[in-house]
Amino acid sequence: MEFLQPRSLAEAIEAKAEHPAAVPIAGGTDVMVEINFDARRPAALLDLNRVGELSSWQRTDGQVRLGATVTYTRIMAELGDLLPGLAMAARTVGSPQIRNRGTVGGNLGAASPAGDCHPVLLAAGATVEATSARGPRLIPAAEFFTGPKRNALAADELITAVLIPAAPGPQQFAKIGTRNAMVIAVCAFALELRPPRAMTGAAPRATTGAAPRATTGAAPRATTADNPVSDYPVAMGSVGTGVGSAGPTPLRARAAEEFLSGVLGEAGLWQSAGRLPDRVAQRFGELVAAAARPIDDVRGTAAYRRHALSVLARRTLAWAWDSYRAEGGAPGCG
């Protein structure tokens, strides 16, 4: 097995172009397990730990550009205010040792249906930046997962960053496992509430950031847009969801998003920050469960996963809505 160790992003991209079968590795929390159990034997490993351009984050124009090798521990420590849902998901990943090494880029590269960060990225309308010698391109998270442990990357592309809108409102993440820690999710759910933009006037918070972004030349090429942030008129507010470990890929509960967005807008709940009717939460949970495509496996049955997702959806909605009400609802509308 060949071991490649570039010292810059340019060298990493060149190495991937020359060795398209090389498997990128940063934390190694997935790849090394597969190698140790002889489930995978790649011709080459491409170590990204010395590529400094991948280990920084910065906020620009209302979104966070998260370098592919920023660890879960750093996300928890540095991005809890800007990306609370992602920080919540990061806290559920493995053990402290795994969180010190594991990265969102690695989670995406593995493309497991049970990846803890994936539901949050879907709910937030994140975009994956993939870079090759041809330049960078942008892949909406909803289009990134193409099958179980399969993704939309070309053979010569590396995940260089994830672009995530800074949280416009409350975010929540919850998962169920067969024990309390160091467990693969039986199912997981993420929720983002986006109050009407016309009603929110808070200035963006300044951040202390990270190293400047390194570029490779050409501007990113966007693929077909499939971003939940733009799926519903911003003047009315919207909702984002993400479902994990309940289908061949992570997925969105689109009917649930449309239902809740409609209720909050048409009933004036964004403005009043009133109590959310029980029937709304119940229906939201039902629609989330209906969106799932689970299977029976060693961690749980399909029926249990659907039931659990309905419960998680109701609970996360209650927590998020309580948070929204505690903050006084949409500014200027109380």
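Okay, so let's go over this structure. (Residues numbered from 1 in each chain as written. Predicted model: local features only at pLDDT ≥ 70, side-chain atom pairs only at ≥ 80, totals over all residues. Heavy atoms only, no water.)

What follows concerns helix 12 (residues 302-326). The terminal C-alpha atoms of helix 12 lie 36 Å apart, and with 25 residues this matches the ideal 36 Å at 1.5 Å per residue to within 8%. Downstream of helix 12 by a residue or two, G328 has a phi angle that is positive, lying close to 90 degrees. (Helix = DSSP H or I, 4+ residues; strand = E, 2+ residues; numbered from the N terminus. Expected span 1.5 Å × (residues − 1).)

In this structure the tally under the stated criterion is 14 salt bridges. Residues E192 and R194 are paired through a salt bridge, measuring 2.5 Å at the closest nitrogen-oxygen approach. With relative accessibility at 1%, the residue E192 sits in the buried group. Looking at R194, the relative accessible area reads 4%, which means it is buried. Between E286 and R283 there is a salt bridge; the shortest N-O distance is 3.2 Å. Note that E286 and R283 are positioned in helix 11 (residues 278-291) at a spacing of three residues, about one turn of the helix. Since its relative accessible area comes to 38%, R283 is described here as partly exposed. Overlapping salt bridges, with partners in common, bring together R134, R137, D156 and E157 in one network. (Salt bridge = Lys/Arg side-chain N within 4 Å of Asp/Glu carboxyl O. Buried < 20%, exposed > 50% of the residue type's maximum accessible area, 1.4 Å probe, protein only.)

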